[in-house]
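# Results of the structural survey
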Amino acid sequence: MRLTLVGVSHRQAPVELRERVAVDAAGATALARELADGCEAVVLSTCNRTELYLASGGPSDHLDERASGTLLALAGADGAALAPVLYRLGDDSAALHLFRVAAGLDSLVPGEGEILGQVRDAFEGGSTGPLLDRLFRQALHAGRRARVETAIGESPASVPAAAAALAQQVFGDLAGRRILLVGAGKMSELTARNLRSRGAVIEAVANRTEAHGEELAARVESRSVGLDEIPALLATADVVVTSTSAPGFVIDPETASAALRGRRGRPLLFVDLAVPRDVDPALATIDGCFVYDVDDLEAVVEASLAGRRVEAVRAEQLVAVEAERFREWQASLSVVPAIASLRAHAEEIRSGELAKAEGRLGRLPESERKLVESVTSQIVAKILHLPTVRMKEAAAGAEGVVYADVVRHLFGLEEEEQS
Amino acid sequence: MAELLVWPALLAYGEAAVAYAGSLRGTGASARLGIWGVRIGWLAQTALLIAQALDSDGFPWGTWAGALNLFVWLVVGAYLIWGCTPRYRLLGLAVMPLAVALLVAAWAGGGTGVSSRDTAGWLLALHVGLMLAGFAGLTLAAGLAGLYLWQERRLKQRDTSVLRLRVPPLDSLDRLSARTALISLGVLSAGIVVGLGSFDQGDFDVPMAVTLAIWAVYTVGLLLRREKGLRGRRFAVLLLAGFALVAIVLPLTHFAS
């Protein structure tokens, strides 16, 4: 069977081209059905890539042309610009590529977690047969292994995610933790959303401009308050995210000290996303206070990404092992017909000889007849076991086809198939 | 033959210590290897203790080396119950090398043999067992407190590797160390009460005084936590100060008296 991949990704094509060929989940399913005319087809479409995976048993099928033509047709007037950036991969290369994609090794941020789910969705929406079914199952397995056996997906890759991860390092489970937003900046909102996705509650949005504060408060399901309420809110908040455009410190030790006394030792994390900074770094010297400014967070992200790159090397090794296993399986397909013929031939001989001896066996009790059946079947199975294993092993190398031909010749399987 | 069980226990604990050290650079696989080392080693040591108990006429851990053997088993047992997960691998890295060193010392002192003829009564055996269990728990609480202080320092200093080399959250470490100290204090209190049963006025000595001081330090610490909100760094420091006394009283119990 032959496997073909034609696709376009963020590595070669700008977003203007990628968006021309992007399809949603329903579109991908429909497109896979349309392509699967006499072959297997899966369409993987994300914001970073659109890839068509096709597989067929016949070498005469023009899978490349069919897939390329489909993508160029999707691009419409931009087809001429798309053609040079399309990539075409076959068999081993296509499989390795999909395994790398599933492991997040081909993503913008190495190890990002969403892609594995997107590969699963594409697989479930595809029109799969034996080859693509095996390919995608093994790709999902490779993706999971990469995430479980390496730390490629563990560290945050953005400032908001780093802020949320730091909050988890202090408080553990963020469910029910209270967040105070000071300022209504974009980064502050992104951080708030990240914290909310982990169960935290936005207690209030404190902003100098009331209208902006109310807008953000509505978006994060909170309430808007004035900056003068900050000292009181510090007594109950767990995380304070600041992003005002104030020229000086909005929160200093004097502002915070009274509130901190009422906290009974509970820790307080300040995430200062503003430049110039909103939180006086001297607060970090107070017991239980942790202060991170935007430079600190970027340094954490950079260290995380460096860690991901190190882990990516290990993930590449895992993926290569999985790709090799798939290659061996795919190669074994070339000897499967010969093995099936050999087993059918042996079974034919066994049952024929038993039929010839029917006259003598007929006098045996039923239990003994069954015993004879069982023993002869076991003899055949044991004789054929080693040749079967050896043929599958040989199939992983170049000599698999030769072995299959030799078996056909030795046992006269070709003549049987022809007759 | 049963005394040979000390070797699989030592080997498994040693493997756990090495695996935990390896997990600092590697992934969860090393930490899992460490956990299996702890489990297998603890089972081997449990079998050794059972063999010692069956072969003894009385309390087989009455000597300092025997007590050390039992103490190691209790510390590792407490670690197994409270902290034996990949996230607590740093605690394992602190506990397991210590367990190996102490078990080697117990073996060298003859505390892992199975032919003890110690005939201590059951009351004394219960007293020693409870005291050792209490101290083992306090050792684990100190380990958690140490981990808290280390992680707090990293967060205060804004260490960029804080999300790469992850340990349990500060809040969890704080709560877990307090809970461990509370349970250990309960066990220690029970041990003291049992010990009072065979106490004569003239018996009062330095180890007893230090034991009472330990009990007082932990009791005051836990009361302050409950009433005044003593937590975080200050509570961790108090636990370590209490442990410094434990580290003194254990040797005193067996060498000075």
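### Examining the overall build of chain A
- In terms of regular secondary structure, chain A is built from 18 helices and 10 strands.
- Expressed as a percentage of its 419 residues, the buried residues of chain A come to 43%.
- Within chain A, counting contacts between residues at least 6 apart in sequence, those at least 24 apart form 70% of the total.

### Digging into the overall build of chain B
- Within chain B, the secondary structure is distributed over 8 helices and 0 strands.
- Its helices and strands taken in sequence order, chain B reads α-α-α-α-α-α-α-α from the N to the C terminus.
- Going through the 257 residues of chain B one by one, you find that 46% of them count as buried.
- For chain B, contacts bridging at least 24 residues in sequence account for 84% of all contacts bridging at least 6.

### Observations concerning the sheet that holds strand E6 (residues 201-206) of chain A
Residues and elements named next belong to chain A.
- Strand order across the open sheet formed by 6 strands is E7-E6-E5-E8-E9-E10, with parallel pairing between neighbours. Where the open sheet ends on each side, the last strands, each with one partner, are strand E7 (224-225) and strand E10 (289-293).
- The sheet contact formed by E6 and E7 spans 2 bridges and is parallel. Residue pairing across strands places Ala206 opposite Val225, the latter belonging to E7.

### Section: the confidence of the model for chain A
- Per-residue confidence for chain A averages 87 on the pLDDT scale, and 97% of its residues sit at or above 70.
- Confidence, expressed as mean pLDDT per element, reaches its minimum in chain A at helix H18 (residues 413-418) of chain A with 61 and its maximum at strand E5 (residues 178-182) of chain A with 95.

### Structural notes on the environment of Arg100 of chain A
All names here are of chain A.
- Position of Arg100 relative to the elements: it lies in helix H5 (residues 91-102).
- In this structure Arg100 comes out as buried when scored by C-beta crowding, with 22 C-beta atoms within 10 Å.
- Along the sequence, Arg100 and Ala315 sit 215 residues apart, while their C-alpha atoms lie 8.7 Å from each other.
- Leaving out residues up to four positions away in the same chain, Arg100 has contacts with Leu105, Asp106 and Val319.

### Quick notes on the interface of chain A and chain B
- Each partner contributes to the interface: chain A provides 26 residues, whereas chain B provides 19 residues.
- Breaking the side of chain A that touches chain B down by element, the ones donating at least two residues are helix H8 (159-171), E10 and helix H13 (294-332) of chain A.
- Residues belonging to the side of chain A that touches chain B are distributed by class as follows: 13 nonpolar, 9 polar and 4 charged.

### Some details on the environment of Gln169 of chain A
- Tracing the chain through its elements places Gln169 of chain A in helix H8.
- Residues contacting Gln169 of chain A, with those up to four places away along its chain left out, are Leu155, Val162 and Pro169 of chain B.

### A few points about the environment of Gly113 of chain B
- As for its placement among the helices and strands, Gly113 of chain B is situated in the loop between helix H4 (89-108) and helix H5 (122-156).
- Residues Gly113 of chain B and Trp61 of chain B, spaced 52 residues apart in sequence, show a C-alpha to C-alpha distance of 10.0 Å.

### Notes on the sheet that holds strand E2 (residues 40-45) of chain A
Residue and element names in this part refer to chain A.
- The antiparallel open sheet is built from 4 strands, whose spatial order is E2-E3-E1-E4. Every other strand in the sheet has two partners, leaving E2 and strand E4 (87-90) as the edge strands with one partner each. Across the sheet, the mean angle separating the axes of adjacent strands is 15 degrees when strand polarity is ignored.
- Note that E2 and strand E3 (residues 49-56) share 6 bridges and pair antiparallel. Considered in E3, the bridge of Ala41 is made with Leu54.
- Of the strands in this sheet, E2 and E3 are in contact with helix H2 (residues 25-35), which crosses E2 at around 155 degrees.

### Some thoughts on unusual backbone geometry
Residue and element names in this part refer to chain A.
- Pro276 follows Val275 through a cis peptide bond whose omega is 0 degrees.
- Within the secondary structure, Pro276 is located in the loop between strand E9 (268-272) and E10.
- With a phi angle near 40 degrees, Asp91 is a residue other than glycine that sits in the positive phi range.
- Mapped onto the secondary structure, Asp91 falls in helix H5.
- Among the residues examined, Asp91 registers 18 C-beta atoms within 10 Å and is labelled partly exposed.
- The backbone of Glu221 sits at a positive phi, close to 55 degrees, despite the residue not being glycine.

### As for helix H17 (residues 400-410) of chain A
Residues and elements named next belong to chain A.
- Taken as a whole, H17 has its buried residues at Gly400, Tyr403, Ala404 and Val407. The arc that holds every buried residue of H17, seen down its axis, measures 100 degrees, which confines them to one face. Summarising the geometry of H17, the exposed residues directed more than 90 degrees from the buried face are Val402 and His409.
- Immediately downstream of H17, the backbone of Gly412 shows phi near 65 degrees, a positive value.

### Looking at the nonpolar core
- Phe270 of chain A together with Val75 of chain B are the most contacted members of the largest nonpolar core, which totals 130 residues.
- With 16 residues, H5 of chain B is the largest single contributor of residues to this core.
- Look past the residues within four positions of Phe270 of chain A in its chain and what remains in contact with it is Val240, Val279, Leu283, Cys289, Phe290, Val291 and Tyr292 of chain A.
- Grouped together as the second largest cluster of nonpolar side chains are 55 residues, Val8, Phe99, Ala151 and Ala312 of chain A included.

### As for the confidence of the model for chain B
All names here are of chain B.
- On average, residues of chain B score 84 in pLDDT, and 88% of them reach the 70 mark or higher.
- Mean pLDDT values over the elements of chain B span from 82, in helix H8 (residues 232-256), up to 91, in helix H6 (residues 170-196).
- With pTM at 0.68, the complex prediction returns an ipTM value of 0.74.

### As for the packing of helix H1 (residues 6-23) of chain B against H4 of chain B
Residue and element names in this part refer to chain B.
- One way to put it is that H1 packs onto H4 with a least axis distance of 8 Å and a crossing angle of 150 degrees. The orientation of H1 relative to H4 falls into the category roughly antiparallel. Considering the relative orientation of H1 and H4, their crossing is left-handed. Where H1 abuts H4, its residues Val6, Ala9, Leu10, Tyr13, Gly14, Ala16, Ala17, Tyr20, Ala21 and Ser23 lie against Arg89, Gly92, Leu93, Met96, Pro97, Ala99, Val100, Leu103, Val104 and Trp107.

### Quick notes on the pairing of E3 of chain A
All names here are of chain A.
- The buried count for E3 comes to 8 of 8 residues, which makes it a mostly enclosed element.
- Residues Arg49, Glu51, Tyr53 and Ala55 line one face of E3 and the alternating positions Thr50, Leu52, Leu54 and Ser56 line the opposite face, and both faces are buried.
- Sheet topology note: the strand E1 (residues 2-9)/E3 ladder contains 8 bridges and is antiparallel. When the bridges of E3 are listed, Val6 appears paired with Leu52.

### As for the packing of H5 of chain B against H6 of chain B
All names here are of chain B.
- Relative to each other, H5 and H6 sit at 160 degrees, their axes nearing to 8 Å. Judged on the interaxial angle alone, H6 and H5 are roughly antiparallel. Relative to H6, H5 is oriented so that their crossing is left-handed.
- Across the contact of H5 with H6, the residue classes break down as 21 nonpolar, 9 polar and 2 charged.

Reading the values: the criteria
Along every chain, residues carry numbers that run from 1 in the direction the sequence is written. Following the order in which they are written, the chains are lettered starting with A and the ligands numbered starting with 1. In keeping with the predicted nature of the model, local features appear solely for residues at pLDDT of at least 70, side-chain atom pairs appear and are counted solely at 80 or more, and the whole-chain, interface and lining totals rest on all residues. Secondary structure elements follow DSSP: runs of H or I no shorter than four residues count as helices, runs of E no shorter than two count as strands, and numbering proceeds from the N terminus. Here a residue counts as buried when 20 or more other C-beta atoms fall within 10 Å of its C-beta, as exposed when 12 or fewer do, and as partly exposed in between; the C-beta atoms come from the backbone. Contacts here follow a simple rule: the backbone-placed C-beta atoms of the two residues must lie within 7 Å. Criterion used throughout: strands pair if DSSP finds at least two bridges between them. Per residue, pLDDT measures the predictor's confidence, with a range of 0 to 100. Each residue is assigned to one of three groups, with Ala, Val, Leu, Ile, Met, Phe, Trp, Tyr, Cys and Pro labelled nonpolar, Asp, Glu, Lys and Arg labelled charged, and all others, Gly among them, labelled polar. A fitted line through C-alpha atoms represents every axis, and for helices the fit uses only the stretch in contact; the resulting angles, taken between N-to-C directions, go from 0 to 180 degrees. The arc in question is the one traced by the directions running from the helix axis out to the C-beta atoms. The nonpolar core criterion groups buried Ala, Val, Leu, Ile, Met, Phe, Trp, Tyr and Cys residues into a set whenever they are joined through C-beta atoms within 7 Å. Any angle that falls under 35 degrees is termed roughly parallel, while one over 145 is termed roughly antiparallel, one within 65 to 115 roughly perpendicular, and all others oblique. Left-handed describes a crossing whose near helix is turned anticlockwise from the far helix through less than a right angle; right-handed describes the clockwise counterpart.

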